[in-house]
Amino acid sequence: MFHSIRPLVVDGNNSLPMQTSPADRFIQFINQGFSKPYAKGLVLLVMVVIALVWANSPFYESYDHFFHRPFSIGFEGFDLTEPVHIWINDGLMAIFFFSVGLEIKREVLQGELSSFRKAILPVVAALGGMLIPALIFLAFNYGTEAQKAWGIPMATDIAFALGLITLLGTFVPSKSKTFLTALATVDDLEAILVIAFFLTPFIDVQSLIAASIYLGAMAIANYAGVRNMWFYLIVGILGLWLALLLSGIHATLAGVLGAFTIPATRKITEKEYQDHLREWTADFDTTCAAPQSLLSHHQEDIISKIIIESKRAGTPLQRIERKLSPLVNFLVLPLFALANAGVRIEGDIMEMLLHPVSLGIICGLLIGKVLGVSLFTYLSYKSKIAVLPQGAGWNQIVGMGLFAGIGFTMSLFIAELALEDEALLAKAKVGILVASFLAAVIGYLWFIIFKKKQNVQ
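First things first, this report covers the structure right here in the doc.

Rules and cut-offs
Residues numbered from 1 in each chain as written. Predicted model: local features only at pLDDT ≥ 70, side-chain atom pairs only at ≥ 80, totals over all residues. Heavy atoms only, no water. Salt bridge = Lys/Arg side-chain N within 4 Å of Asp/Glu carboxyl O. Helix = DSSP H or I, 4+ residues; strand = E, 2+ residues; numbered from the N terminus. Buried < 20%, exposed > 50% of the residue type's maximum accessible area, 1.4 Å probe, protein only. Axes fitted to C-alpha atoms, helices over the stretch in contact; angles between N-to-C directions. Parallel < 35°, antiparallel > 145°, perpendicular 65-115°, else oblique. Left-handed = near helix turned anticlockwise from the far one by under 90°. Contact = heavy atoms within 4.5 Å. Nonpolar A, V, L, I, M, F, W, Y, C, P; charged D, E, K, R; others polar.

What follows covers the pattern of salt bridges. Taken as a whole, this structure holds nine salt bridges when the rule is applied. Here K369 makes a salt bridge to D187, at a shortest N to O gap of 2.7 Å. Remark: D187 occurs in helix α7 (residues 174-198) and K369 occurs in helix α15 (residues 356-382); sequence separation between them is 182 residues. Each member of the pair, K369 as well as D187, is classed as buried. With a shortest N-O distance of 3.3 Å, R278 and D275 are connected by a salt bridge. You can see R278 and its partner D275 sitting in helix α11 (residues 270-286), three residues apart, about one turn around the helix. Classification of R278 by relative accessible area gives exposed; the value is 54%. When salt bridges with common partners are traced through the structure, they connect R106, E107 and E321 into a single cluster.

With that out of the way, let us pick up the packing of α7 against helix α16 (residues 394-403). The N-to-C vectors of α7 and α16 enclose an angle of 40 degrees; their axes lie 10 Å apart at closest approach. The orientation of α7 relative to α16 falls into the category oblique. In this structure, the crossing between α7 and α16 has a hand that is right-handed. Touching S176, F179 and L180 of α7 are Q396, I397, M400 and F403, all from α16. The class makeup of the residues in the contact of α7 with α16 is five nonpolar, two polar and no charged.

Structure (structure tokens):
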């Protein structure tokens, strides 16, 4: 997110770093803090606490007013006016879904979902982690207004889950972490399908056709070798996103669909890139005879060539995913948490927790997730269609199932779409927050306890 430059003192042919200033040290501290794997989960947690405190403080009306005040984008005669809350959930969250789409495409092309043997275990485990929580929720809410919200306990919040696993360090085998990453990725894909097929209130056919045309144009551009990101940005936002928004299908799906069209191929091979770098580096070295503050025109040309060639050597998909990561993790998701986690607790908290909606979510995430992940993993292992991750035993699989019960972001998102009644939505949010917190604590303690038992033995 931040970049610091260490100034050099040039003395003859020696370049020695100057003492860093307090400002440099502060920027370095921020850089190191935000680069920690658990940082994004910690930021989310802080925003949840702020939202809860704000919503239950004497300043609650300012919270409600801020996120429900109208905000317009466009110009007179052609503008969109929606509450800030909607812009965050339908607009900014499209960026999050775009990053999810990039991650899914990368995993399918060259990752844990790139082959049947690699993909079968997380796919089957995620399927169990979807079906059983949904059935548990329906057992509590079948025949009620809330039954259409069965998708709430299906999702896994990968930021929180992986952040906690990072804190556990060597307590969790690296292959188990990979397994949870793949499982959460499949979970996200399942949640996206639920939104697309079950949470779409109406469909405007003309807008849907327009969205298909824009998506087709992006796919054709990919096939034709267009790598200019401005093309995909303009067509994706002004075309695909807007058309889906008007069609009735949730606009955040534009992020996922658009991500699938982003090029994932390189223009040159690694060897070609290495050869060119060696040639240009040697050429650059010959022009560095005198220490000067300004570069020569020839040096600038070499640097420009290296920048262009570096882009040709990489894939747009990976480059965009890397650049979007700080924006998503430290702006989009924290804003979403602040806007959606502010549940005002009115009346008896136990009454809210014991409501069928809350109980369905809590039991679905806490019991259904671990049961579904563990049971479906066991069945796929016993039927010999899959093997366990290297170094992982059944204790780790159960622990992964517990962490998969951290629903938070996707669960809140689905709740916002599925429940129109504010009272039911508040109870659902309480259930999500409580279940996610308990799943995190129990999962963390699970790994600590079993690691200590292994050390004793």
